[in-house]
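Spelled out from the first residue to the last, the chains are:
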Amino acid sequence: VSIKINGEDGKDLEEIEGGEGNEEGEGVKIMEEFSIDAYPTLLFLDPNRKLLKKVVGAMEAEDLLERAKGVISPETTKLYQLNARFDKGERNKPFLIDLLTEKINEGENLEVVVNEYLRLNPVLNLEDKNDFMVFGIMEKDFNHPLVMAFLNEPEKYFELYGNLALEQLQSI
């Protein structure tokens, strides 16, 4: 079922509420139910209306087909396979970075993997690209030594990481 929730012309929801495919404000209800806050958003639901996958943003048809295949056969996805390896105990640093990257790409929760990375690598080196990525994900305490090191020499990290460093500065 396809329901037009927000028009490409940028009209507000109130203006199109009750429009074709959006009878009696159904689009607004769906937006609230599935926390839709961006256009386009594609929802994969089971017959009982349980959310299986939420895809936000425009993408090439090939990428969209891969996402759909992942809903039908999740065991074929990279994330599923990485999670299986994690569940079996794999914990090397490159693997954890690969898993974190895939979870970020799929909008998955990162907490367990970040905590495991920090448990195995308790001293992060902000000059290491992977450690800097984890630093960017972890909770920020203004008094944390890494935050203080970053704030003391932001230009050093801007030179190393460009916009990524700027994003970190804005998140603190």
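Residues numbered from 1 in each chain as written. Predicted model: local features only at pLDDT ≥ 70, side-chain atom pairs only at ≥ 80, totals over all residues. Heavy atoms only, no water.

### A few points about the overall build of the chain
Reasoning step 1: Within the chain, the regular secondary structure consists of 10 helices and 2 strands.
Reasoning step 2: Across the chain, helices and strands are ordered from the amino to the carboxyl terminus as α-α-β-β-α-α-α-α-α-α-α-α.
Reasoning step 3: When each of the 172 residues of the chain is scored for burial, the buried share is 27%.
Reasoning step 4: Taking the contacts inside the chain whose residues are at least 6 apart along the sequence as the reference set, 30% of them involve residues at least 24 apart. (Helix = DSSP H or I, 4+ residues; strand = E, 2+ residues; numbered from the N terminus. Buried < 20%, exposed > 50% of the residue type's maximum accessible area, 1.4 Å probe, protein only. Contact = heavy atoms within 4.5 Å.)

### Side note on the packing of helix α5 (residues 93-106) against helix α7 (residues 129-137)
Reasoning step 1: Taken N-terminus to C-terminus, the directions of α5 and α7 make an angle of 45°; their axes are 11 Å apart at the nearest point. Our classification of the angle between α5 and α7 gives oblique. The hand of the α5/α7 crossing is left-handed. On the side of α5, the interface is formed by Lys93, Ile97, Leu100, Thr101 and Ile104, while α7 contributes Asn130, Asp131, Met133, Val134 and Ile137.
Reasoning step 2: The class makeup of the residues in the contact of α5 with α7 is 6 nonpolar, 2 polar and 2 charged. (Axes fitted to C-alpha atoms, helices over the stretch in contact; angles between N-to-C directions. Parallel < 35°, antiparallel > 145°, perpendicular 65-115°, else oblique. Left-handed = near helix turned anticlockwise from the far one by under 90°. Nonpolar A, V, L, I, M, F, W, Y, C, P; charged D, E, K, R; others polar.)

### Let's talk about the environment of Glu90
Reasoning step 1: For Glu90, the position within the fold is in the loop between α4 (78-87) and α5.
Reasoning step 2: Exposure remark for Glu90: the relative accessible area of 26% places this residue in the partly exposed category.
Reasoning step 3: With near-sequence residues (within four places) excluded, Glu90 lies in contact with Arg85 and Phe95.
Reasoning step 4: In terms of polar contacts, Glu90 uses its side chain to reach the side chain of Arg85, at 2.7 Å. (Polar contact = N/O pair within 3.5 Å; in protein donor to acceptor, adjacent residues only side chain to side chain.)

### Considerations on the pairing of strand β2 (residues 51-56)
Reasoning step 1: Here strand β1 (residues 41-45) runs beside β2; their pairing, made up of 5 bridges, is antiparallel. Within β2, the position partnered with Thr41 by the bridge is Val56.
Reasoning step 2: Between the antiparallel neighbours β1 and β2 lie 5 residues, among them Arg49 with a positive phi of about 70°. (Pairing = 2+ DSSP bridges.)

### Section: the packing of helix α9 (residues 154-161) against helix α10 (residues 163-171)
Reasoning step 1: At their nearest, the axes of α9 and α10 sit 6 Å apart, and the two run at 140° to each other. Regarding the angle of α9 to α10, the classification is oblique. For the pair α9 and α10, the contacting residues are Tyr157, Phe158 and Tyr161 in the first and Asn163, Leu164, Ala165, Leu166 and Leu169 in the second.
Reasoning step 2: Of the residues in the contact of α9 with α10, the class split is 7 nonpolar, 1 polar and no charged.

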